[in-house]
Amino acid sequence: MANKRLSHVDARGRVKMVDVGDKPVTTREAIARGSIRMSAEALRLIRAGAVKKGDPLQTARLAGKQTSALIPLCHPLALTNVQVELTPARRGYDIEARVRTNGQTGVEMEALTAVAVAALTVYDMVKAVDKTMVIGDIRLMHKSGGRSGTYTRRAR
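Residues numbered from 1 in each chain as written. Predicted model: local features only at pLDDT ≥ 70, side-chain atom pairs only at ≥ 80, totals over all residues. Heavy atoms only, no water.

Caption draft 1: Structural detail: the nonpolar core. By size, the foremost hydrophobic cluster in this structure holds 30 residues, and its most contacted members are Met38 and Val122. Of all the secondary structure elements, the ones that give two or more residues to this core are strand S1 (26-37), helix H1 (40-47), helix H2 (56-62), strand S2 (79-89), strand S3 (92-103) and helix H4 (108-126). If one sorts the elements of this core by residue count, H4 sits on top with 9 residues. (Core = buried A, V, L, I, M, F, W, Y, C linked by side-chain atoms within 4.5 Å. Buried < 20%, exposed > 50% of the residue type's maximum accessible area, 1.4 Å probe, protein only. Helix = DSSP H or I, 4+ residues; strand = E, 2+ residues; numbered from the N terminus.)

Caption draft 2: Looking closely at the pairing of S1. Of the pairings in the sheet, the one linking S1 to S3 comprises 12 bridges and is antiparallel in character. In the strand pairing of S3, Ile31 is matched with Arg98. Alignment of S1 against strand S4 (residues 134-144), held across 8 bridges, turns out to be antiparallel. Bridged to Glu29 within S4 is Ser144. (Pairing = 2+ DSSP bridges.)

Caption draft 3: Main features of H1. For H1, the set of buried residues is Ala42, Leu43, Leu45 and Ile46. Down the axis of H1, the buried side of the element spans an arc of 165°, and every buried residue falls inside it. As for H1, its buried residues are in contact with H2, S3 and H4. One or two residues past the end of H1 sits Gly49, with phi positive at roughly 70°. (Arc of directions from axis to C-beta. Contact = heavy atoms within 4.5 Å.)

Caption draft 4: Structural view of the pattern of salt bridges. Enumeration over the complete set of coordinates arrives at 7 salt bridges. Linking Glu41 and Arg44 is a salt bridge whose minimum nitrogen-to-oxygen distance equals 2.9 Å. Here the residue Glu41 and the residue Arg44 both occupy positions in helix H1, the gap between them amounting to 3 residues, near one helical turn. Since its relative accessible area comes to 36%, Glu41 is described here as partly exposed. For Arg44, a relative accessible area of 45% gives the class partly exposed. Connected via shared salt-bridge partners are Arg33, Glu96 and Arg98. (Salt bridge = Lys/Arg side-chain N within 4 Å of Asp/Glu carboxyl O.)

Dropping the structure here:
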């Protein structure tokens, strides 16, 4: 472990974007999950379609597709598919993002960002009713493609 170097830091300690130009193009997929928890009143308004700003769930499904604009060292990627699902839970919503591309670098950051931005979108649209909402448990569940192969989170 002592010999491993951070790929985003050069020999002089400067931050840099990794050159992926020589890597092979492969199909890459990542799945991330997270959650947003909220008050009973906020849940009631969302489920009744009564949020004044519009439907936060539909808006959240559109959010999170600009990862390279948010995270400085992420490559802008041509994504072939992004799906964001919000599933009702007892105290809010569970969020899952599935992202795919055919490219030279993975889409883990895109999936994680999609979950985070979807949760932030819901927060923004409902914050007038509930400022105590909690966004959490954002984690990578699965990734495939590329040199490092497949990763699947183990249940704990």
